[in-house]
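Structure at a glance
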Amino acid sequence: MTRRAEAGLIVAACLLAAIGVAIVEFTQGNWLDAQVALTFLAFAAAFGGVYLAVIRWAPGASSLLLPLAAFLTAIGFIEIYRLDSHLAALQRWWLLVAAAAGALVLWALRDAGVSVLRRYRYVILAIGIGLLLLPLLPDSWLVYGATVNGSRLWVRIDIPGASRVMSFQPGEVAKVLITIFLASYLAERAEAMSVVSRKIGPFEIPEPRHLGPVVVAAVAAFLVLVYQRDLGASLLLFGIFVGMLYIATGRSFYVVTGAALVVIAGWTALVSFDHVQRRIEAWLDPFGHFSEAGYQTVQGLFAMGSGALTGSGIGLGRPDLIPAAATDFIFAAVAEEMGLAGSLAVLTGFSLLIAVGFGIALRSRERFRKYLAGGLMLVIGLQAFIIIAGVLRLMPITGLTLPFMSYGGSSLVTNMAIIALLLRVSHEERT
Amino acid sequence: MPALFFNIIKLLFLLLLFLFLWQVARSIRSHVGSNPGVRTDGMAVELVILTGDTETERVRIRPKGHVIGRSPDADIRISDPYSSEFHARVGIQDGDVVVHDLGSTNGTYVNGRRVTSPTLVTRGDTVQIGKTILEVR
């Protein structure tokens, strides 16, 4: 696809966002107002800006990543706008910040390329782990951790002199940094790690010392679970570790061991933490726990059920009844108002994005770039899978944002940075 | 009447979503799919023998390819007891470097994995024949 066609698709996605906002206004009995124009301008400025950055600094990049990211952001934004126009106004600003971050990544790597990241991998790892631990800071400090909905994921900064508090989720950025580290670590070790030293039954077992990273991953993910009480982040982190080991070595042994560890850790968590226990109970029998832990899940199910095939129409449903509809449960809100058709469009959008991302990884000749692209795609793909599966009650609900669609600055900025890195990799590996 | 109007708007919007996806999906073919291998356009690709008893140390891969094996008639002759007479062929197909196993007894390994069908290789990949290891550069 040409750059021209890409630009056309980006404009189309921006128009989709504006049309959605216009429909919301209509159904609320208002006429077109400045919101529609503001939305179009914000989207056009954000994605148009990244598009220009691509033309300038990564002209060989894949032309499908940006349109798909814009498409998903647009659908999410419409639903956020419909739920809370004040939140949507903030999200517009975040979109601009995210685009600036994406362009900044492309600019920073314009000469050196992604391989420069390999040189700083231990610095990157240290920052990543530091960010992961940041929410554990005591409450009395200037920069402190905060517990929201039972999970300690947020960091707040009191800005001196102002009564404003800035808050963000450092874990969002941390998982990207850890992925970069893993990609560069594996680029050097993968060969040794895929050597088979013995066989037990159908499984080919690598040498025991290569198991180190898997065990470290399991321990790190478990610590996140214990200290930050965050099931989603812990599962995501571990999934990224195991997935990248599999991408690098092609040994199913790592996946099998990983799955076994998840079961063991999950069981341990189930018997020792009551918040995990409540989640599992709410998953198995949400209607029995309607008035407490199961409420959110049940409201999500009602929303999706009432959406039926084509939905209630944007602005005509009641997604505001779902707790956290603009963040974790945005998928249920979309399913209610745009129906099965709309939610399938979202799933298709994610599938296409993931296919393009893994395509970039598959076609990369250099190991680091291959693992980086694969790992970054795992971050987006696994996260989307875990939260959508939670909303659909395929697995217990874990608080994660749906990439590009949920309201949230940290998440949007991170995902845009991921897209920028993928763009850069595809530019360097253009075929 | 407004209900009908809203219904039409709703369906039109969904149609727009899928039109967008259709446009993307149409051109996705060229973006996915597996490794295109080493494009040889104009650039020399060499086969370097890393370990093993042979007279050849490195050879530039020519379009019609090289047969590697223990036979004196092989293009690249290796004195390796684990190699077959005509063990494998490394050639260029549509600009990609391809390794064919020629029905050898002990197999041909690309990056440590046994290959039975023609396999694309890229720079940095290793090809193992018996105890002889070659690298594509």
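Throughout, a residue's number is its position along its own chain's written sequence, starting from 1. For naming, the first written chain is A and the first written ligand is 1, with later ones following in the order written. Local features in this predicted model are restricted to residues whose pLDDT is 70 or higher, and side-chain atom pairs enter the listing and the counts only when it is 80 or higher, whereas totals over whole chains, interfaces and linings include all residues. Side-chain calculation: all heavy atoms of the structure are included, whereas hydrogens and water are not.

Turning to helix H13 (residues 330-363) of chain A, a few remarks are in order. Residues and elements named next belong to chain A. What counts as a helix is a DSSP run of H or I of at least four residues, what counts as a strand is a run of E of at least two, and both are numbered from the N terminus. Residue count minus one, scaled by 1.5 Å, sets the expected span of a helix. When the terminal C-alpha atoms of H13 are compared, their 33 Å separation across 34 residues is substantially less than the 50 Å that a helix rising 1.5 Å per residue should span. Note on bend: at a given residue it equals the angle between the axes fitted to the 7 residues ending there and to the 7 starting there. The largest bend in H13 is about 130°, located at Gly339. Exposure categories follow from relative accessible area, calculated using a 1.4 Å probe and restricted to protein chains: below 20% of the type maximum is buried, above 50% is exposed, and the middle band is partly exposed. Burial of H13 is extensive: 25 of the 34 residues sit out of reach of the surface.

Turning our attention to the confidence of the model for chain B. All names here are of chain B. Per-residue confidence from the prediction method is given by pLDDT, with values spanning 0 to 100. On average, chain B scores 80 in pLDDT, and the residues at 70 or more come to 85%. Between the elements of chain B, mean pLDDT differs from a low of 78, seen in strand S1 (residues 46-51), to a high of 91, seen in helix H1 (residues 2-26). Here residues 35-42 scores under 50 on pLDDT; set against residues more than four positions off or in separate chains, the count is 29 contacts. Confidence estimates for the predicted assembly give a pTM of 0.79 and an ipTM of 0.88. For this analysis, residues touch if any pair of their heavy atoms sits within 4.5 Å.

Another point: the side chain of B:His66. In this structure, B:His66 sits in strand S3 (residues 66-69). With sequence-adjacent residues up to four places away left out, B:His66 is seen in contact with B:Val59, B:Arg60, B:Ile61, B:Asp75, B:Ile76, B:Ala88, B:Arg89 and B:Val90.

With that settled, the discussion passes to the side chain of A:Gln383. Among the structural elements, A:Gln383 can be located in helix H14 (residues 367-391). Beyond its immediate sequence surroundings of up to four residues, A:Gln383 is in contact with A:Glu172, A:Lys175, A:Leu236, A:Leu378, A:Leu400, A:Thr401 and A:Pro403.

What follows is about helix H15 (residues 409-428) of chain A. Residue pairs three or four apart in sequence face the same way in an α-helix, which turns once every 3.6 residues. The first and last C-alpha atoms of H15(A) sit 29 Å apart over 20 residues, in line with the 28 Å expected at 1.5 Å per residue. The element H15(A) is extensively covered by neighbouring structure, given that 18 of its 20 residues are classed as buried.

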